[in-house]
Amino acid sequence: MIAGRLTQHLFFSAKFLSLPEQIKLRYMKVKIKFTVLFSLLAIVFSDHSQACTGIALKAEDGSRVVARTVEWAASPMNCGYAVVPRGYRQQSLTPDGMDGMCYKARFGYVGIYTEYDNFVVEGVNEAGLSAGLFFFPGYGEYPEYKADEKASCISDMQLVTWILSTFDSIDALKEGICSVKVVSLDPRVGTVHWRISEAGGRVVVLEYKDGKACFYENPLGVLTNSPGFEWHITNLANYVNLHPGAAESFSMAEGLTVKPLGGGSAMLGLPGDFTPPSRFIRAAFFSASAPVWPDAFSTVLQAFHILNNFDIPIGAQFSDGNVPEGLPAATQFTSATDLANLKFYYRTCWNSNLRCIDLKTIDFRKVKYRSVPLDEPRVQEVEFLKIK
């Protein structure tokens, strides 16, 4: 909103300028907007929750579902969904402005963005490839930005759009990633890592280390934030004693048998806080122990039920009680993607009703580009029951 106010005055004078002057003015507006945006993100990033939790499930019929949450506790985000047709041209931002790599969509896709419609954080394309970014502060290192190489540079916040626009498989992405240099628009905001999934069930994590792209196979399909993915997998060994169900009773002394106090006692010790390591452990055990449902839609619903456990209450993020106005939860949206049937579901902290975009009903050769707010207005719909 602040960036919008700063550029609003420029807008009204644009119609009196020549075409070259209008182009220059548009560039100025973009640069002002993102300078302000990333300065604000840098200020709040270290103080408030920016968390994401991702899981993956399989149905009996072979359908695969990937689902995740997106958290931001500092303020209500301007989130929306973008519908991108084949042939749509985009250009990446760089630290110098909107002058990075240009790319054209080979595949149409749908995704949810935050703040800016090119910053897609989760989406799926018509080939059934899904991609999502997860914040990765304090870890990871991108290639060094060099202005004379900007034609091959893409910002980390736009890599998802390039992946969905360009590739139909993980192997194709692994081959093509060497042609681009991923850069941060503002290093104060931190880095990100990515989860990429195929309809056949393969899931990988992409992280940058020492400036190089590193891919990790992810059979669990789980991802959160820092530290790195390999550390999270190693950390699972600290919870090897946990399993579904109830712990067995045992005789502690003559005449004294210790019995579990309730269901799920074999999971006693499962971490319950909101840190990325704890969320990874919970997500891993909840998804691994989830029942396998017959079809994709039942599995989508199961994914939303599991992710209910990762909704972060807004008050838990502020020690002084000064929560942002108008933000009912830190978990601002939750999404689930049915990769087999190309259906993209979401709900938000303002409206928990499920909404779905069916990619199979979209002709990506003809549809026009559009970006639409996730909630308009931000009001929870309620079904009132009439009692006669």
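Residues numbered from 1 in each chain as written. Predicted model: local features only at pLDDT ≥ 70, side-chain atom pairs only at ≥ 80, totals over all residues. Heavy atoms only, no water.

With that settled, consider the pattern of salt bridges. For the coordinates displayed, the defined rule picks out eleven salt bridges. Connected through salt bridges with shared partners, the residues Asp96, Asp99 and Lys150 form a single ionic network. (Salt bridge = Lys/Arg side-chain N within 4 Å of Asp/Glu carboxyl O.)

One full turn of an α-helix is made of 3.6 residues, so residues set three or four places apart face in the same direction. Burial within helix 3 (residues 159-166) is extensive, with eight of its eight residues counted as buried. Listing the buried residues of helix 3 in full gives Leu159, Val160, Thr161, Trp162, Ile163, Leu164, Ser165 and Thr166. (Buried < 20%, exposed > 50% of the residue type's maximum accessible area, 1.4 Å probe, protein only. Helix = DSSP H or I, 4+ residues; strand = E, 2+ residues; numbered from the N terminus.)

Once that is clear, we can look at the nonpolar core. One recurring pattern in soluble globular proteins is that nonpolar side chains are buried together. Ranked by internal contacts, the top residues of the largest apolar core, which has 61 residues, are Leu159, Trp162, Ile177, Trp194 and Ile196. Beyond its immediate sequence surroundings of up to four residues, Ile196 is in contact with Leu129, Ser130, Ala131, Ile163, Ile170, Leu173, Arg202, Val203, Val204 and Leu206. Membership of the second largest hydrophobic core comes to 22 residues, among which are Ile55, Phe134, Ile306 and Ala336. (Core = buried A, V, L, I, M, F, W, Y, C linked by side-chain atoms within 4.5 Å. Contact = heavy atoms within 4.5 Å.)

By the element assignment, Ala213 lies in strand 13 (residues 212-217). Assessed through its relative accessible area of 32%, Ala213 is described here as partly exposed. For the pair Ala213 and Glu141, spaced 72 residues apart in the sequence, the C-alpha separation amounts to 9.5 Å. Those residues in contact with Ala213, other than ones at most four positions away along the chain, are Ile177, Leu206, Glu207 and Tyr208.

A word on the sheet that holds strand 7 (residues 120-125). Taken together, the eight strands give an open sheet; going across it, the order is 13-12-11-8-7-6-3-19, and neighbouring strands pair in antiparallel fashion. Every interior strand has two partners, whereas the edge strands, strand 13 and strand 19 (370-373), have only one. Neighbour-to-neighbour, the strand axes of this sheet turn through a mean angle of 20°, independent of strand direction. In the sheet, strand 3 (residues 79-84) pairs with strand 19 via four bridges, with the strands oriented antiparallel. (Pairing = 2+ DSSP bridges. Axes fitted to C-alpha atoms, helices over the stretch in contact; angles between N-to-C directions.)

To continue, consider the state of the cysteines. Counted under the stated rule, the structure contains zero disulfides. Not engaged in a disulfide, the cysteine Cys79 finds its nearest cysteine sulfur in Cys349; these two sulfurs lie 8.7 Å apart. (Disulfide = S-S within 2.5 Å.)

Evaluation of the coordinates by the stated rule reveals eleven aromatic pairs. On the numbers, 6.2 Å between centres and 40° between planes, the contact of Tyr216 with Phe229 is tilted. Of this pair, Tyr216 sits in strand 13 while Phe229 sits in helix 5 (residues 229-235); the two residues are 13 residues apart in sequence, bridging distant segments of the chain. Look at Phe297 and Tyr345: their rings are 6.1 Å apart centre to centre, the planes differ by 40°, and that puts the pair in the tilted class. With Phe297 in helix 7 (residues 296-307) and Tyr345 in strand 17 (residues 343-348), this pair connects stretches of sequence that are 48 residues apart. For Phe297, a relative accessible area of 44% gives the class partly exposed. (Phe/Tyr/Trp six-rings, centres within 6.5 Å; stacked < 30°, edge-to-face > 60°.)

An order of 1-2-16-17-18 is seen for the five strands of this open sheet, with the pairing classed as antiparallel. Of all strands in the sheet, those bounded by a partner on one side alone are strand 1 (52-58) and strand 18 (355-358). Within the sheet, the average angular offset between the axes of one strand and its neighbour, ignoring direction, is 15°. Note that strand 1 and strand 2 (residues 64-71) share seven bridges and pair antiparallel. Counterpart to Lys58 in the pairing with strand 2 is Arg64. Sitting on the sheet, helix 7 is in contact with strand 1, strand 2, strand 16 (331-338) and strand 17, with an inclination near 150° to strand 1.

Next up on the list: the pairing of strand 14 (residues 250-253). Note: strand 14 against strand 15 (residues 256-258), three bridges, orientation antiparallel. Residue Ala253 lies in a different strand from strand 15, and its bridge partner there is Leu256. Here strand 14 hands over to strand 15 after two residues, with Gly255 in that stretch at a positive phi of 85°.

Tracing the backbone shows Asn125 in strand 7. Judged by its relative accessible area of 0%, Asn125 falls in the buried class. Within polar-contact distance, the side chain of Asn125 engages the backbone oxygen of Phe167 at 2.8 Å. Each residue touching Asn125, except ones within four places of it in the same chain, is listed here: Phe107, Gly108, Tyr109, Ile163, Leu164, Phe167, Leu342 and Leu359. (Polar contact = N/O pair within 3.5 Å; in protein donor to acceptor, adjacent residues only side chain to side chain.)

Considering the arrangement of structural elements, one finds Arg195 in strand 11 (residues 192-197). Lacking a salt bridge, the buried Arg195 has Glu122 as its closest oppositely charged neighbour, with an N-O distance of 4.2 Å. There is a polar contact of 2.9 Å between the side chain of Arg195 and the backbone oxygen of Ile55. (Lys, Arg positive; Asp, Glu negative; His and termini not counted.)

Any residue range with low pLDDT should be treated as having predicted coordinates unsuitable for detailed reading. Per-chain confidence: the chain averages 89 in pLDDT, with 87% of residues scoring 70 or above. Throughout residues 43-47 the model reports pLDDT below 50, and contacts reaching past four residues in sequence, or to other chains, amount to seven contacts. (pLDDT = per-residue confidence, 0-100.)

Moving on to helix 6 (residues 276-288). Taking 1.5 Å per residue as the helical rise, helix 6 with its 13 residues ought to reach 18 Å, and the 18 Å between its terminal C-alpha atoms agrees with that figure. Counting buried positions along helix 6 yields ten of 13 residues, so the element is predominantly enclosed. Of the residues making up helix 6, those classed as buried are Pro276, Ser278, Arg279, Phe280, Ile281, Arg282, Ala283, Ala284, Phe285 and Ser287. Here the buried face of helix 6 lies against strand 1, helix 5 and helix 7. (Expected span 1.5 Å × (residues − 1).)

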